Amino acid sequence: MFRYTTTACRKCNLQEDTFHGITIDAQGLCQFCAKQAPPPQRDWPRLKTLFEDTLAGVRGRLPRLPHEGLVMLSGGKDSAYMAHLLKDVYGMNLLGFIIDINYEYPETFDNAATIARRLEIPYVVYRQDPALMRRYYRYLFCEPGIHQQDCGQVCTFCGRFLIRTATEFARAMGIPLVFSGHNPDQILLMGQAVELEPAQREFMEFTMAVVAEDTATARAGWQAAHGPCPERLFPESLAPAGVQLVFPYQHFPYLPETMMQVVRERLDWTPIKRFSKTYIASGCRLVKLWSYLARCGNTNSYVDFEFSNQVRNGTLALETVRAFYDQADTGCEELAEIARDLGMVDEMRRMLRDRVGEDDELYRLLAS
Ligand SMILES: [Zn+2]
């Protein structure tokens, strides 16, 4: 939500970015828009059948299981629509699963609970140990061995941690399926995409090799600093044996605007406008901090890439993305508060001084 340059693609809004090799040409276009590559083709009927076969394999058991699937709820539109699809369209027996990492906005829980109640899905709120979470996120932000210029390591590792938390919980409860509402870009970055064109497959395999290496580094660093490392913090695989992870948004076209309309009407869902008055996506409080650090590193964050991808795919309007950034909350007080809570004021100040100098607003806030 933070912009560091006005040199951006006039079609998809991606910023010029040396770190990621994004250039804007004389026509004002990034290399993706200049190439005008057609969006990847998908065999939707085949993908839908794959999805339905997975569901049928579990629903065919008699007597039916009380919970055939654990559905991860974040309060955002994607997980809301996913829960609606699974319950209203496919009639699955579900258990809602809401994870509390200690850094969510309260609306996350309000929204998720409303969704579950509307759909008559029982749910649990799984509260992670706050002291462990403080150590974990401080480590993700500050550990030099895993740090990236765009600070993407925080979401990469945390995303895997949340899924592994859900799949381990499902295994303990005897629930065979776990559903996660990640969007297609996120599914690719998790290495879970099932149908891809060769170039995308190569990208995904390369990304997964990097993640595997970083996971080993992260685990070793954690063990040296904090002792034994719970598997779920830096898991090698996302699900333990006996649990199948399902990402519905790779089986159907991802249409955020339509999905939003459906969940508003069916579930009384309301957008969480903590990032911007124009809603596109929601997330936890930590998102603001790492996206600020990405800005200070003069790089697009992975969320900036996601929005641009969606504009290029035609699923999100350019005006909506522009409005999102124009109306974004760019205040630093909340960021300073998080840095203090995580006990990393000195580390943040060092990082900010190296990246942008002592004039930085957050740097000054952290000094006072
Ligand atoms: Zn572009």
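Residues numbered from 1 in each chain as written. Predicted model: local features only at pLDDT ≥ 70, side-chain atom pairs only at ≥ 80, totals over all residues. Heavy atoms only, no water.

**With respect to the environment of Thr-299**
Link 1 in the chain: If you trace the backbone, Thr-299 turns up in the loop between α10 (286-296) and α11 (302-313).
Link 2 in the chain: Residues Thr-299 and Asp-17, spaced 282 residues apart in sequence, show a C-alpha to C-alpha distance of 5.4 Å.
Link 3 in the chain: Beyond its immediate stretch of four places on either side in the chain, Thr-299 contacts Tyr-4, Asp-17, Phe-19, His-20, Gln-149, Asp-150 and Ala-294. (Helix = DSSP H or I, 4+ residues; strand = E, 2+ residues; numbered from the N terminus. Contact = heavy atoms within 4.5 Å.)

**Details of the coordination of the zinc ion**
Link 1 in the chain: Around the zinc ion, the protein supplies Cys-9 (SG), Cys-12 (SG), Cys-30 (SG) and Cys-33 (SG) as donor atoms, at distances of 2.3 to 2.4 Å.
Link 2 in the chain: For the zinc ion, the donor residues sit on a single chain with the sequence spacing C-x2-C-x17-C-x2-C. With Cys-9 in the segment before α1 (31-35) and Cys-30 in the segment before α1, this residue pair connects regions lying 21 residues apart in the sequence.
Link 3 in the chain: With relative accessibility at 0%, the residue Cys-30 sits in the buried group. (Donors = N, O, S within 2.8 Å, 3.2 Å for Na, K, Ca; no water. Buried < 20%, exposed > 50% of the residue type's maximum accessible area, 1.4 Å probe, protein only.)

**Focus: the domain arrangement of the protein chain**
Link 1 in the chain: Domain annotation for the protein chain reports domain 1 (44-250) and domain 2 (272-367).
Link 2 in the chain: Relative to domain 2, the C-alpha centre of domain 1 lies at a distance of 23 Å.
Link 3 in the chain: Counting from both sides, the interface comprises 27 residues of domain 1 and, opposite them, 31 residues of domain 2.
Link 4 in the chain: At the boundary of domain 1 with domain 2, total buried surface from both sides reaches about 2,600 Å², with 60% on carbon and sulfur atoms.
Link 5 in the chain: For the salt bridge of Arg-134 with Asp-341, the shortest nitrogen-to-oxygen distance reads 3.5 Å.
Link 6 in the chain: For the pair domain 1 and domain 2, the number of links is 16 residue pairs in polar contact (both at pLDDT 80 or more).
Link 7 in the chain: Where the side of domain 1 that touches domain 2 is concerned, the elements lending two or more residues are α4 (106-118), α5 (130-142), α6 (153-173) and α7 (184-189). (Domains from an automatic or database assignment. Buried area = accessible area lost by both parts, 1.4 Å probe. Salt bridge = Lys/Arg side-chain N within 4 Å of Asp/Glu carboxyl O. Polar contact = N/O pair within 3.5 Å; in protein donor to acceptor, adjacent residues only side chain to side chain.)

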